[in-house]
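# Architecture and fold: a report
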Amino acid sequence: MLKRLKLGNKYVPYKIKYNRVKYARIEVREKWINLVLPYGFTQEERLITKHAAWIEKKLNEYEALRRKSQDLELQHRNDSEFKMLIGNIINNYTHEMNTSMPVIKYRKMKRKWASMNSNRVLTVNWFMSFLPEPMISYILYHEMCHIFEMSHNSKFKNLIKRRYNDYKNLDKELKAYWIAIKSHLYMPSE
């Protein structure tokens, strides 16, 4: 159930999820915020008010991404074209990075483009098929870097920068594509 709290001159909808967490956490989504709170936490309005400037900044960033998403062109590939593209890109990266081919699996995911686990299983989100090839290449390079470093620490970021020095801008663009794809498929916001 969505609750609403007035911040400045607008109302911000929010959801509360109680969980086994030590500290309260705020997650800003496209159209609302999630509060992940320890059991027994009762000061959610105070928490939101304390972080109002940050929340407003994040919501404004989402609004800018929503506007940008309207101008993006989505690709339309069938499953076999998409799998072939993924296989070719991964094959090129395995040679470039001097590593072996990971196992590749495909499924729909709600929040990720792809993931690489420590057993070298690359899971690819089917929604990536709507992305232009350079964005797919970036995502796959990111995941291949996890073979060498699982955390998103400075070592990992340096691996990414070897090929994609502008990775922060690419990450923002991917968020706009995510919004565009969800809008195209009429998916509810998470």
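In this report, we go over the structure that sits alongside the text. (Residues numbered from 1 in each chain as written. Predicted model: local features only at pLDDT ≥ 70, side-chain atom pairs only at ≥ 80, totals over all residues. Heavy atoms only, no water.)

Turning our eyes to something else, we now look at the sheet that holds strand β5 (residues 103–107). Taken in spatial order, the three strands line up as β5-β7-β6 in an open sheet, and their pairing is mixed. Single-partner strands in this sheet number two, and they are β5 and β6 (114–116). Neighbour to neighbour, the strand axes of the sheet diverge by 15 degrees on average, direction disregarded. Packing of helix α3 (residues 79–96) onto the sheet brings it into contact with β5 and β7 (121–125), and relative to β5 it is tilted by some 145 degrees. (Pairing = 2+ DSSP bridges. Helix = DSSP H or I, 4+ residues; strand = E, 2+ residues; numbered from the N terminus. Axes fitted to C-alpha atoms, helices over the stretch in contact; angles between N-to-C directions. Contact = heavy atoms within 4.5 Å.)

This next bit is on the packing of aromatic side chains. Applying the stated criterion across every chain yields a total of eight aromatic pairs. Between the aromatic rings of F82 and Y106, the centroid separation amounts to 6.0 Å while the plane-to-plane angle is 65 degrees, which identifies the pairing as edge-to-face. Of this pair, F82 sits in helix α3 while Y106 sits in strand β5; the two residues are 24 residues apart in sequence, bridging distant segments of the chain. The class for F82 is buried, based on a relative accessible area of 0%. Taking the centre distance of 5.5 Å and the plane angle of 65 degrees together, the rings of Y141 and Y164 count as edge-to-face. Taken together, the residues Y141 in helix α4 (residues 133–145) and Y164 in the loop between α5 (154–163) and α6 (167–184) connect sequence positions 23 residues apart. Neither residue differs from the other here; Y141 and Y164 are each classed as buried. Among the aromatic side chains, those forming a connected cluster through ring pairs are Y93, Y138, Y141 and Y164. (Phe/Tyr/Trp six-rings, centres within 6.5 Å; stacked < 30°, edge-to-face > 60°. Buried < 20%, exposed > 50% of the residue type's maximum accessible area, 1.4 Å probe, protein only.)

Between α3 and α4, whose axes approach to 10 Å, the crossing angle comes to 50 degrees. For the element pair α3 / α4, the angle class is oblique. Between α3 and α4 the crossing geometry is right-handed. Contacts from F82, L85, I86, I89, I90, Y93, T94 and E96 of α3 reach α4 at E133, I136, S137, L140, Y141 and M144. Its residues placed into classes, the contact of α3 with α4 shows ten nonpolar, two polar and two charged. (Parallel < 35°, antiparallel > 145°, perpendicular 65-115°, else oblique. Left-handed = near helix turned anticlockwise from the far one by under 90°. Nonpolar A, V, L, I, M, F, W, Y, C, P; charged D, E, K, R; others polar.)

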